[in-house]
Amino acid sequence: MTTLTGEGRPPNGSRPDGPAAATPAGTAPPARHPGRAARRRGRLAALLDRLPGDLRDPLFLNGYALMVNTGITAVLGMGYWLLATQYYSPADFGRNQAVITAMRLFASLTALGLTGALARYIPQAGRRTGGLIARSYLIASLTAVTAAFCFLLTLPIWGPNFSSLAGFGPGLFFLASVAIWAVFTLQDVALAGLRKATWVPINSLCFGLVKMALLVALASSLPHEGIFVSWVVPTAIALIPINYLIFGVLVPRHVKRTKDVTKPPRLREIGRFLAGDYPGSFSILAIVYFVPVYVASQVDDVTLGYFAMAHTLGCMIETLAMNMAVSLTVEGSFDRSQLAANCRRALRRAFLIIGPIALVTFVGAPLILAVFGPGYGEHGAPLLRLMALAVLPRVLIEIHLSALRALGEARRLAVIQVGLAVLVLSGSITLLPVTGITAVGYALLFSELLVAALIFKRLRAILSGTPDAAISRRAAETA
(Lines give C-alpha, C1' and ligand atoms only; values in the text may rest on other atoms or scores of the structure.)
Protein backbone atom coordinates (compact mmCIF):
# COMPACT_ATOMS: atom_id res chain seq x y z
CA MET A 1 0.00 0.00 0.00
CA THR A 2 1.49 3.35 -1.04
CA THR A 3 2.02 5.72 1.83
CA LEU A 4 1.90 9.48 1.38
CA THR A 5 4.94 11.13 2.95
CA GLY A 6 4.31 14.77 2.14
CA GLU A 7 3.64 16.78 -0.98
CA GLY A 8 6.22 16.27 -3.72
CA ARG A 9 8.49 13.99 -1.74
CA PRO A 10 9.55 10.46 -2.70
CA PRO A 11 8.27 7.67 -0.40
CA ASN A 12 11.77 6.82 0.78
CA GLY A 13 12.29 10.24 2.31
CA SER A 14 15.28 11.12 0.04
CA ARG A 15 15.76 14.58 -1.41
CA PRO A 16 14.57 15.18 -5.00
CA ASP A 17 18.09 15.78 -6.31
CA GLY A 18 19.32 12.43 -5.00
CA PRO A 19 22.55 11.40 -3.35
CA ALA A 20 24.65 13.88 -5.38
CA ALA A 21 23.15 16.79 -3.41
CA ALA A 22 25.09 15.90 -0.30
CA THR A 23 25.53 18.33 2.57
CA PRO A 24 28.50 20.67 2.32
CA ALA A 25 31.74 19.62 3.95
CA GLY A 26 32.00 20.46 7.58
CA THR A 27 28.29 20.52 8.19
CA ALA A 28 26.40 17.79 9.97
CA PRO A 29 23.90 15.79 7.93
CA PRO A 30 20.28 16.55 8.75
CA ALA A 31 18.69 14.42 11.45
CA ARG A 32 16.39 11.64 10.41
CA HIS A 33 13.66 12.55 12.89
CA PRO A 34 12.09 15.32 10.76
CA GLY A 35 11.67 12.81 7.96
CA ARG A 36 9.88 10.42 10.27
CA ALA A 37 7.68 13.21 11.52
CA ALA A 38 6.85 14.13 7.94
CA ARG A 39 5.93 10.56 7.16
CA ARG A 40 3.66 10.44 10.20
CA ARG A 41 2.03 13.72 9.12
CA GLY A 42 1.65 12.30 5.65
CA ARG A 43 -0.13 9.21 6.92
CA LEU A 44 -2.45 11.32 9.04
CA ALA A 45 -3.14 13.60 6.08
CA ALA A 46 -3.90 10.57 3.91
CA LEU A 47 -6.32 9.23 6.53
CA LEU A 48 -8.05 12.61 6.80
CA ASP A 49 -8.23 12.84 2.99
CA ARG A 50 -10.00 9.47 2.90
CA LEU A 51 -12.44 10.34 5.68
CA PRO A 52 -15.07 12.15 3.52
CA GLY A 53 -15.18 9.18 1.17
CA ASP A 54 -15.39 6.77 4.09
CA LEU A 55 -18.40 8.62 5.47
CA ARG A 56 -20.21 8.10 2.17
CA ASP A 57 -19.50 4.36 2.33
CA PRO A 58 -22.12 2.45 4.41
CA LEU A 59 -19.47 -0.05 5.57
CA PHE A 60 -17.34 2.64 7.20
CA LEU A 61 -20.20 4.98 8.15
CA ASN A 62 -21.88 2.26 10.21
CA GLY A 63 -18.55 0.99 11.56
CA TYR A 64 -17.32 4.46 12.51
CA ALA A 65 -20.67 5.31 14.11
CA LEU A 66 -20.47 2.22 16.29
CA MET A 67 -16.84 2.98 17.15
CA VAL A 68 -17.76 6.57 18.07
CA ASN A 69 -20.51 5.09 20.22
CA THR A 70 -17.93 2.94 22.00
CA GLY A 71 -15.73 6.00 22.50
CA ILE A 72 -18.63 7.98 23.97
CA THR A 73 -19.53 5.02 26.16
CA ALA A 74 -15.93 4.74 27.34
CA VAL A 75 -15.54 8.44 28.18
CA LEU A 76 -18.91 8.76 29.89
CA GLY A 77 -18.42 5.36 31.49
CA MET A 78 -15.15 6.45 33.05
CA GLY A 79 -16.85 9.59 34.32
CA TYR A 80 -19.73 7.53 35.67
CA TRP A 81 -17.52 5.06 37.52
CA LEU A 82 -15.30 7.86 38.79
CA LEU A 83 -18.36 9.51 40.32
CA ALA A 84 -19.43 6.15 41.71
CA THR A 85 -16.11 5.73 43.52
CA GLN A 86 -16.51 9.22 45.01
CA TYR A 87 -20.13 8.94 46.15
CA TYR A 88 -20.33 5.25 47.14
CA SER A 89 -18.22 3.04 49.38
CA PRO A 90 -15.77 0.52 47.83
CA ALA A 91 -17.92 -2.37 49.08
CA ASP A 92 -21.13 -0.95 47.55
CA PHE A 93 -19.22 -0.18 44.36
CA GLY A 94 -18.10 -3.81 44.05
CA ARG A 95 -21.52 -5.29 44.87
CA ASN A 96 -23.33 -3.05 42.38
CA GLN A 97 -20.79 -3.99 39.71
CA ALA A 98 -21.59 -7.65 40.39
CA VAL A 99 -25.36 -7.09 40.07
CA ILE A 100 -24.96 -5.09 36.84
CA THR A 101 -22.78 -7.83 35.38
CA ALA A 102 -25.37 -10.47 36.32
CA MET A 103 -28.12 -8.40 34.72
CA ARG A 104 -26.14 -8.09 31.49
CA LEU A 105 -25.31 -11.80 31.55
CA PHE A 106 -28.96 -12.92 31.64
CA ALA A 107 -30.15 -10.17 29.29
CA SER A 108 -27.64 -11.36 26.72
CA LEU A 109 -28.41 -15.09 26.92
CA THR A 110 -30.53 -14.92 23.76
CA ALA A 111 -30.00 -11.30 22.74
CA LEU A 112 -26.33 -11.84 21.93
CA GLY A 113 -27.21 -14.78 19.69
CA LEU A 114 -29.88 -12.75 17.92
CA THR A 115 -27.54 -9.86 17.16
CA GLY A 116 -25.83 -11.89 14.45
CA ALA A 117 -29.19 -12.88 12.95
CA LEU A 118 -30.46 -9.29 12.92
CA ALA A 119 -27.28 -8.00 11.28
CA ARG A 120 -27.44 -10.88 8.79
CA TYR A 121 -31.14 -10.79 7.84
CA ILE A 122 -32.48 -7.24 8.33
CA PRO A 123 -30.91 -6.17 5.00
CA GLN A 124 -32.89 -8.95 3.27
CA ALA A 125 -36.08 -8.99 5.35
CA GLY A 126 -38.09 -6.51 3.26
CA ARG A 127 -41.71 -6.33 4.43
CA ARG A 128 -40.95 -8.73 7.30
CA THR A 129 -38.35 -6.43 8.89
CA GLY A 130 -40.61 -5.08 11.64
CA GLY A 131 -41.79 -8.55 12.61
CA LEU A 132 -38.23 -9.88 12.66
CA ILE A 133 -37.10 -7.17 15.07
CA ALA A 134 -40.20 -7.40 17.30
CA ARG A 135 -39.98 -11.20 17.58
CA SER A 136 -36.30 -10.90 18.45
CA TYR A 137 -37.17 -8.50 21.25
CA LEU A 138 -39.85 -10.84 22.61
CA ILE A 139 -37.74 -14.01 22.46
CA ALA A 140 -34.74 -12.30 24.06
CA SER A 141 -36.82 -10.80 26.89
CA LEU A 142 -38.70 -13.99 27.76
CA THR A 143 -35.56 -16.12 27.75
CA ALA A 144 -33.65 -13.59 29.82
CA VAL A 145 -36.34 -13.23 32.47
CA THR A 146 -36.72 -17.01 32.77
CA ALA A 147 -32.98 -17.49 33.29
CA ALA A 148 -32.80 -14.59 35.76
CA PHE A 149 -35.71 -16.05 37.74
CA CYS A 150 -33.82 -19.34 38.09
CA PHE A 151 -30.78 -17.36 39.24
CA LEU A 152 -32.84 -15.68 41.97
CA LEU A 153 -34.11 -19.05 43.15
CA THR A 154 -30.51 -20.22 43.66
CA LEU A 155 -29.21 -16.89 45.01
CA PRO A 156 -27.51 -18.28 48.18
CA ILE A 157 -25.00 -20.34 46.19
CA TRP A 158 -23.68 -17.29 44.31
CA GLY A 159 -22.10 -15.63 47.33
CA PRO A 160 -22.66 -12.46 49.37
CA ASN A 161 -22.02 -10.04 46.49
CA PHE A 162 -25.54 -10.80 45.19
CA SER A 163 -27.37 -10.74 48.53
CA SER A 164 -28.99 -7.37 47.75
CA LEU A 165 -31.28 -9.12 45.25
CA ALA A 166 -33.00 -11.17 47.97
CA GLY A 167 -36.65 -10.31 48.56
CA PHE A 168 -39.69 -9.77 46.35
CA GLY A 169 -39.14 -6.08 45.55
CA PRO A 170 -35.44 -6.23 44.63
CA GLY A 171 -36.00 -9.49 42.73
CA LEU A 172 -38.85 -8.03 40.67
CA PHE A 173 -36.79 -4.94 39.85
CA PHE A 174 -33.91 -7.18 38.77
CA LEU A 175 -36.18 -9.20 36.45
CA ALA A 176 -37.53 -6.00 34.88
CA SER A 177 -34.00 -4.68 34.40
CA VAL A 178 -32.99 -7.88 32.63
CA ALA A 179 -35.87 -7.58 30.14
CA ILE A 180 -35.08 -3.89 29.56
CA TRP A 181 -31.40 -4.57 28.92
CA ALA A 182 -32.22 -7.40 26.49
CA VAL A 183 -34.16 -4.98 24.27
CA PHE A 184 -31.52 -2.28 24.76
CA THR A 185 -28.86 -4.72 23.49
CA LEU A 186 -30.79 -5.55 20.33
CA GLN A 187 -31.92 -2.07 19.35
CA ASP A 188 -28.39 -0.91 18.50
CA VAL A 189 -27.93 -3.88 16.16
CA ALA A 190 -31.36 -3.19 14.61
CA LEU A 191 -30.21 0.37 13.85
CA ALA A 192 -27.00 -0.97 12.31
CA GLY A 193 -28.95 -3.48 10.22
CA LEU A 194 -31.11 -0.64 8.93
CA ARG A 195 -27.90 1.26 8.05
CA LYS A 196 -28.71 3.93 10.62
CA ALA A 197 -26.05 3.25 13.23
CA THR A 198 -25.39 7.01 13.34
CA TRP A 199 -28.27 7.19 15.84
CA VAL A 200 -26.50 4.84 18.25
CA PRO A 201 -23.91 7.34 19.60
CA ILE A 202 -26.61 10.00 20.02
CA ASN A 203 -28.61 7.57 22.13
CA SER A 204 -25.53 6.63 24.16
CA LEU A 205 -24.64 10.26 24.80
CA CYS A 206 -28.06 11.09 26.20
CA PHE A 207 -28.20 7.81 28.12
CA GLY A 208 -24.77 8.36 29.65
CA LEU A 209 -25.45 11.91 30.78
CA VAL A 210 -28.78 11.04 32.39
CA LYS A 211 -27.19 8.02 34.08
CA MET A 212 -24.44 10.16 35.61
CA ALA A 213 -26.89 12.76 36.89
CA LEU A 214 -29.10 10.11 38.45
CA LEU A 215 -26.08 8.40 40.04
CA VAL A 216 -25.25 11.54 42.01
CA ALA A 217 -28.90 12.30 42.82
CA LEU A 218 -29.43 8.84 44.37
CA ALA A 219 -26.25 8.77 46.45
CA SER A 220 -27.93 10.05 49.61
CA SER A 221 -31.36 8.40 49.25
CA LEU A 222 -30.11 5.00 47.97
CA PRO A 223 -26.52 4.69 49.23
CA HIS A 224 -26.38 0.91 48.73
CA GLU A 225 -28.42 0.39 45.51
CA GLY A 226 -28.07 3.78 43.80
CA ILE A 227 -25.52 2.63 41.22
CA PHE A 228 -27.72 -0.18 39.93
CA VAL A 229 -30.90 1.94 39.93
CA SER A 230 -29.15 4.79 38.11
CA TRP A 231 -28.06 2.28 35.45
CA VAL A 232 -31.49 0.75 34.83
CA VAL A 233 -33.88 3.72 34.87
CA PRO A 234 -32.20 5.69 32.03
CA THR A 235 -32.03 2.48 30.01
CA ALA A 236 -35.79 2.05 30.26
CA ILE A 237 -36.36 5.68 29.26
CA ALA A 238 -34.03 5.34 26.25
CA LEU A 239 -36.07 2.47 24.81
CA ILE A 240 -39.06 4.71 24.05
CA PRO A 241 -37.67 7.24 21.53
CA ILE A 242 -35.27 4.81 19.85
CA ASN A 243 -37.90 2.15 19.20
CA TYR A 244 -40.35 4.77 17.99
CA LEU A 245 -37.65 5.77 15.51
CA ILE A 246 -37.05 2.14 14.51
CA PHE A 247 -40.65 1.00 14.05
CA GLY A 248 -42.27 4.32 13.17
CA VAL A 249 -39.71 5.75 10.76
CA LEU A 250 -36.79 3.53 9.77
CA VAL A 251 -38.54 0.19 9.21
CA PRO A 252 -41.20 1.68 6.85
CA ARG A 253 -38.44 3.40 4.87
CA HIS A 254 -36.41 0.20 4.73
CA VAL A 255 -39.42 -1.81 3.55
CA LYS A 256 -40.18 0.74 0.85
CA ARG A 257 -36.58 0.80 -0.34
CA THR A 258 -36.01 -2.97 -0.39
CA LYS A 259 -39.41 -4.53 -1.13
CA ASP A 260 -38.65 -5.00 -4.83
CA VAL A 261 -35.03 -6.07 -4.51
CA THR A 262 -34.98 -8.44 -1.56
CA LYS A 263 -36.27 -11.93 -0.99
CA PRO A 264 -37.36 -12.11 2.67
CA PRO A 265 -35.64 -14.95 4.50
CA ARG A 266 -37.77 -17.92 5.41
CA LEU A 267 -38.22 -18.89 9.03
CA ARG A 268 -36.43 -22.17 8.37
CA GLU A 269 -33.41 -20.33 6.98
CA ILE A 270 -33.21 -18.06 10.03
CA GLY A 271 -33.66 -21.04 12.34
CA ARG A 272 -30.88 -22.95 10.61
CA PHE A 273 -28.58 -19.95 10.94
CA LEU A 274 -29.41 -19.52 14.63
CA ALA A 275 -28.91 -23.24 15.29
CA GLY A 276 -25.34 -22.89 14.13
CA ASP A 277 -24.61 -19.34 15.27
CA TYR A 278 -26.20 -19.38 18.72
CA PRO A 279 -23.85 -21.92 20.34
CA GLY A 280 -20.94 -19.76 19.27
CA SER A 281 -22.60 -16.55 20.43
CA PHE A 282 -23.44 -18.21 23.74
CA SER A 283 -19.78 -19.07 24.10
CA ILE A 284 -18.75 -15.46 23.58
CA LEU A 285 -21.38 -14.51 26.16
CA ALA A 286 -19.62 -16.77 28.62
CA ILE A 287 -16.36 -14.90 28.01
CA VAL A 288 -17.78 -11.40 28.32
CA TYR A 289 -20.31 -11.85 31.12
CA PHE A 290 -20.00 -15.21 32.85
CA VAL A 291 -16.31 -14.78 33.69
CA PRO A 292 -16.99 -11.60 35.74
CA VAL A 293 -19.90 -13.30 37.52
CA TYR A 294 -17.65 -16.24 38.33
CA VAL A 295 -14.92 -13.91 39.60
CA ALA A 296 -17.55 -12.12 41.71
CA SER A 297 -18.40 -15.41 43.39
CA GLN A 298 -14.74 -16.07 44.25
CA VAL A 299 -13.33 -12.75 45.51
CA ASP A 300 -14.29 -10.13 48.08
CA ASP A 301 -16.26 -7.03 47.13
CA VAL A 302 -13.29 -4.60 47.15
CA THR A 303 -11.13 -6.84 44.95
CA LEU A 304 -14.13 -7.27 42.66
CA GLY A 305 -14.26 -3.50 42.25
CA TYR A 306 -10.62 -3.47 41.09
CA PHE A 307 -11.30 -6.32 38.67
CA ALA A 308 -14.56 -4.89 37.34
CA MET A 309 -13.10 -1.49 36.47
CA ALA A 310 -10.13 -2.93 34.57
CA HIS A 311 -12.32 -5.55 32.87
CA THR A 312 -14.91 -2.97 31.84
CA LEU A 313 -12.30 -0.76 30.16
CA GLY A 314 -10.69 -3.76 28.48
CA CYS A 315 -14.04 -4.92 27.11
CA MET A 316 -14.67 -1.45 25.68
CA ILE A 317 -11.54 -1.76 23.56
CA GLU A 318 -12.62 -5.22 22.38
CA THR A 319 -16.00 -3.75 21.46
CA LEU A 320 -14.24 -1.51 18.93
CA ALA A 321 -13.20 -4.63 17.01
CA MET A 322 -16.76 -5.96 17.13
CA ASN A 323 -18.20 -2.64 15.88
CA MET A 324 -16.52 -2.78 12.49
CA ALA A 325 -17.34 -6.49 12.32
CA VAL A 326 -21.09 -5.84 12.75
CA SER A 327 -20.99 -3.33 9.91
CA LEU A 328 -19.10 -5.86 7.78
CA THR A 329 -21.82 -8.47 8.33
CA VAL A 330 -24.52 -6.00 7.28
CA GLU A 331 -22.71 -4.92 4.12
CA GLY A 332 -21.76 -8.50 3.27
CA SER A 333 -25.45 -9.43 3.42
CA PHE A 334 -26.43 -6.53 1.18
CA ASP A 335 -23.76 -7.34 -1.44
CA ARG A 336 -21.83 -10.58 -1.03
CA SER A 337 -19.76 -9.97 -4.16
CA GLN A 338 -17.89 -7.19 -2.31
CA LEU A 339 -17.20 -9.27 0.80
CA ALA A 340 -13.46 -9.79 0.18
CA ALA A 341 -12.85 -6.11 -0.58
CA ASN A 342 -14.92 -5.02 2.41
CA CYS A 343 -13.02 -7.43 4.67
CA ARG A 344 -9.69 -5.99 3.58
CA ARG A 345 -10.86 -2.41 4.07
CA ALA A 346 -12.46 -3.17 7.45
CA LEU A 347 -9.31 -4.94 8.65
CA ARG A 348 -7.04 -2.04 7.68
CA ARG A 349 -9.28 0.57 9.31
CA ALA A 350 -9.78 -1.52 12.43
CA PHE A 351 -6.04 -1.91 13.04
CA LEU A 352 -5.43 1.74 12.17
CA ILE A 353 -7.86 2.85 14.88
CA ILE A 354 -7.54 0.11 17.49
CA GLY A 355 -3.75 -0.32 17.35
CA PRO A 356 -2.88 3.11 18.80
CA ILE A 357 -5.66 2.82 21.40
CA ALA A 358 -4.33 -0.55 22.54
CA LEU A 359 -0.78 0.87 22.74
CA VAL A 360 -1.83 3.89 24.78
CA THR A 361 -3.87 1.68 27.10
CA PHE A 362 -0.98 -0.73 27.59
CA VAL A 363 1.48 2.04 28.44
CA GLY A 364 -0.88 4.17 30.50
CA ALA A 365 -2.94 1.51 32.28
CA PRO A 366 -1.74 2.41 35.80
CA LEU A 367 -2.44 6.10 35.26
CA ILE A 368 -5.83 5.46 33.63
CA LEU A 369 -7.00 3.32 36.52
CA ALA A 370 -5.40 5.49 39.21
CA VAL A 371 -8.05 8.17 38.66
CA PHE A 372 -10.55 5.85 40.36
CA GLY A 373 -8.42 5.49 43.48
CA PRO A 374 -4.96 4.29 44.59
CA GLY A 375 -5.85 0.60 44.64
CA TYR A 376 -7.24 0.49 41.11
CA GLY A 377 -3.98 1.33 39.35
CA GLU A 378 -1.99 -1.09 41.48
CA HIS A 379 -4.30 -4.10 41.30
CA GLY A 380 -6.08 -3.58 37.97
CA ALA A 381 -3.31 -2.38 35.64
CA PRO A 382 -1.82 -5.85 34.83
CA LEU A 383 -5.26 -7.12 33.79
CA LEU A 384 -6.00 -4.05 31.64
CA ARG A 385 -2.60 -4.31 29.94
CA LEU A 386 -3.14 -7.95 29.02
CA MET A 387 -6.63 -7.20 27.67
CA ALA A 388 -5.22 -4.33 25.58
CA LEU A 389 -2.74 -6.74 23.96
CA ALA A 390 -5.42 -9.39 23.45
CA VAL A 391 -7.58 -7.05 21.38
CA LEU A 392 -5.07 -7.14 18.49
CA PRO A 393 -5.60 -10.83 17.62
CA ARG A 394 -9.27 -10.28 18.44
CA VAL A 395 -9.54 -7.95 15.42
CA LEU A 396 -8.55 -10.82 13.12
CA ILE A 397 -11.00 -13.16 14.81
CA GLU A 398 -13.95 -10.72 14.61
CA ILE A 399 -13.39 -9.90 10.93
CA HIS A 400 -13.25 -13.61 10.17
CA LEU A 401 -16.42 -14.34 12.15
CA SER A 402 -18.34 -11.53 10.44
CA ALA A 403 -17.31 -12.79 7.02
CA LEU A 404 -18.56 -16.25 7.96
CA ARG A 405 -21.89 -14.76 9.14
CA ALA A 406 -22.33 -12.94 5.84
CA LEU A 407 -21.66 -16.25 4.05
CA GLY A 408 -24.04 -18.18 6.31
CA GLU A 409 -21.23 -20.44 7.61
CA ALA A 410 -22.89 -20.99 11.00
CA ARG A 411 -21.18 -24.31 11.74
CA ARG A 412 -17.71 -22.83 11.40
CA LEU A 413 -18.83 -19.89 13.53
CA ALA A 414 -19.84 -22.25 16.32
CA VAL A 415 -16.59 -24.23 16.22
CA ILE A 416 -14.40 -21.12 16.46
CA GLN A 417 -16.43 -19.39 19.14
CA VAL A 418 -16.99 -22.47 21.28
CA GLY A 419 -13.30 -23.30 21.07
CA LEU A 420 -12.33 -19.77 22.11
CA ALA A 421 -14.77 -19.82 25.03
CA VAL A 422 -13.49 -23.17 26.30
CA LEU A 423 -9.91 -21.88 26.22
CA VAL A 424 -10.73 -18.62 28.02
CA LEU A 425 -13.00 -20.17 30.65
CA SER A 426 -10.70 -23.06 31.48
CA GLY A 427 -7.68 -20.75 31.60
CA SER A 428 -9.44 -18.22 33.84
CA ILE A 429 -10.76 -20.83 36.28
CA THR A 430 -7.41 -22.63 36.44
CA LEU A 431 -5.26 -19.52 36.91
CA LEU A 432 -7.53 -17.52 39.23
CA PRO A 433 -6.29 -19.21 42.45
CA VAL A 434 -2.69 -18.75 41.28
CA THR A 435 -2.49 -15.26 39.75
CA GLY A 436 -5.65 -13.63 41.10
CA ILE A 437 -7.78 -11.39 38.89
CA THR A 438 -4.97 -11.11 36.31
CA ALA A 439 -5.82 -14.71 35.35
CA VAL A 440 -8.58 -13.46 33.05
CA GLY A 441 -6.08 -11.33 31.12
CA TYR A 442 -3.62 -14.19 30.63
CA ALA A 443 -6.43 -16.51 29.51
CA LEU A 444 -7.77 -13.97 27.00
CA LEU A 445 -4.36 -13.15 25.50
CA PHE A 446 -3.12 -16.71 25.03
CA SER A 447 -6.49 -18.02 23.84
CA GLU A 448 -7.03 -15.28 21.27
CA LEU A 449 -3.47 -15.56 19.95
CA LEU A 450 -3.96 -19.29 19.46
CA VAL A 451 -7.34 -18.96 17.74
CA ALA A 452 -6.08 -16.13 15.50
CA ALA A 453 -3.18 -18.36 14.40
CA LEU A 454 -5.53 -21.25 13.64
CA ILE A 455 -7.97 -19.20 11.52
CA PHE A 456 -5.32 -17.11 9.77
CA LYS A 457 -5.00 -19.32 6.68
CA ARG A 458 -8.75 -19.33 6.03
CA LEU A 459 -9.01 -15.60 6.70
CA ARG A 460 -6.33 -15.01 4.08
CA ALA A 461 -8.42 -16.99 1.59
CA ILE A 462 -11.44 -14.79 2.29
CA LEU A 463 -9.38 -11.60 2.09
CA SER A 464 -7.91 -12.67 -1.25
CA GLY A 465 -11.36 -13.22 -2.74
CA THR A 466 -10.58 -16.86 -3.49
CA PRO A 467 -12.08 -18.82 -0.59
CA ASP A 468 -12.14 -22.57 -0.82
CA ALA A 469 -14.87 -24.56 -2.52
CA ALA A 470 -16.85 -25.11 0.67
CA ILE A 471 -17.33 -21.36 1.16
CA SER A 472 -18.23 -20.81 -2.48
CA ARG A 473 -20.78 -23.63 -2.44
CA ARG A 474 -22.34 -22.41 0.78
CA ALA A 475 -22.51 -18.85 -0.50
CA ALA A 476 -24.33 -20.06 -3.62
CA GLU A 477 -26.82 -22.04 -1.57
CA THR A 478 -27.73 -19.07 0.67
CA ALA A 479 -27.74 -16.41 -2.06
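Everything numeric in this text was worked out from a predicted model, so none of it was measured. (Residues numbered from 1 in each chain as written. Predicted model: local features only at pLDDT ≥ 70, side-chain atom pairs only at ≥ 80, totals over all residues. Heavy atoms only, no water.)

Notes on a nonpolar patch on the surface
Okay, step 1: Where nonpolar side chains cluster on the molecular surface, the patch consists of L359, F362, V363 and L389 and spans about 350 Å² of accessible area.
Okay, step 2: Here the element with the most residues in the nonpolar patch is helix α10 (residues 339-370); it accounts for three residues. (Patch = residues over 30% accessible without salt bridge, like charges linked within 9 Å, V, L, I, M, F, W, Y side chains within 5 Å. Areas by Shrake-Rupley, 256 points an atom, 1.4 Å probe, with all protein chains shown as cover. Salt bridge = Lys/Arg side-chain N within 4 Å of Asp/Glu carboxyl O. Helix = DSSP H or I, 4+ residues; strand = E, 2+ residues; numbered from the N terminus.)

Notes on the nonpolar core
Okay, step 1: If you look at the biggest cluster of nonpolar residues, it comprises 131 residues, and the most contacted ones within it are W81, F106 and F174.
Okay, step 2: For this core, the leading source of residues is helix α3 (residues 90-125), giving 18 residues.
Okay, step 3: Each of domain 1 (76-267) and domain 2 (298-465) accounts for three or more of the residues forming this core.
Okay, step 4: With residues up to four places along the chain from it excluded, the contact list for F174 reads V99, A102, M103, F106, A148, F151, L152, L165 and F228. (Core = buried A, V, L, I, M, F, W, Y, C linked by side-chain atoms within 4.5 Å. Buried < 20%, exposed > 50% of the residue type's maximum accessible area, 1.4 Å probe, protein only. Domains from an automatic or database assignment. Contact = heavy atoms within 4.5 Å.)

Some details on empty space enclosed by the protein
Okay, step 1: Applying the stated criterion across every chain, the model contains three cavities of 30 Å³ or more.
Okay, step 2: A volume near 50 Å³ is recorded for the second largest cavity.
Okay, step 3: As for the second largest cavity, its lining consists of I287, V288, V291, H311, C315, E318, M387, V424, V440 and L444.
Okay, step 4: Of the residues in the lining of the second largest cavity, the class split is eight nonpolar, one polar and one charged. (1 Å grid on protein atoms, 1.4 Å probe; cavity = no way out; pocket = protein on both sides within 12 Å on 5 of 7 lines; lining within 4 Å. Points joined across faces, edges and corners; volume = space filled by probe spheres on them. Nonpolar A, V, L, I, M, F, W, Y, C, P; charged D, E, K, R; others polar.)

Observations concerning the confidence of the model for the chain
Okay, step 1: When pLDDT is averaged along the chain, the result is 78; 77% of the residues meet or exceed 70.
Okay, step 2: Ranking the elements of the chain by mean pLDDT puts helix α14 (residues 469-478) last with 47 and helix α4 (residues 129-153) first with 92.
Okay, step 3: For residues 1-33, every residue scores under 50 in pLDDT, and the model assigns this stretch 19 contacts once sequence neighbours within four places are set aside.
Okay, step 4: Note that pLDDT drops below 50 for residues 468-472; the model gives that stretch eight contacts with residues more than four away or on any other chain. (pLDDT = per-residue confidence, 0-100.)

Focus: the packing of helix α5 (residues 168-193) against helix α7 (residues 226-258)
Okay, step 1: The contact between α5 and α7 brings their axes to 9 Å, and the two run at 40 degrees. Our classification of the angle between α5 and α7 gives oblique. The two elements α5 and α7 meet at a crossing, and its hand is left-handed.
Okay, step 2: The residue inventory of the contact of α5 with α7, partitioned by class, reads 19 nonpolar, four polar and no charged. (Axes fitted to C-alpha atoms, helices over the stretch in contact; angles between N-to-C directions. Parallel < 35°, antiparallel > 145°, perpendicular 65-115°, else oblique. Left-handed = near helix turned anticlockwise from the far one by under 90°.)

Re the packing of aromatic side chains
Okay, step 1: Counted according to the given criterion, the structure contains 20 aromatic pairs.
Okay, step 2: Note on F151 and F174: the rings are 6.0 Å apart at their centroids and 40 degrees apart in plane angle, and the pair reads as tilted. With F151 in helix α4 and F174 in helix α5, the pair connects residues that are 23 residues apart, well separated along the chain.
Okay, step 3: Given a relative accessible area of 0%, F174 falls into the buried group.
Okay, step 4: Cluster of aromatic residues (ring-pair linked, three or more members): Y80, W81, F93, W181, F184, F207, W231, Y306, F372 and Y376.
Okay, step 5: Above the plane of the ring of F362 lies R385, whose end atom (NZ or CZ) is 5.5 Å from the centre. (Phe/Tyr/Trp six-rings, centres within 6.5 Å; stacked < 30°, edge-to-face > 60°. Lys NZ or Arg CZ within 6 Å of the ring centre and 35° of its normal.)

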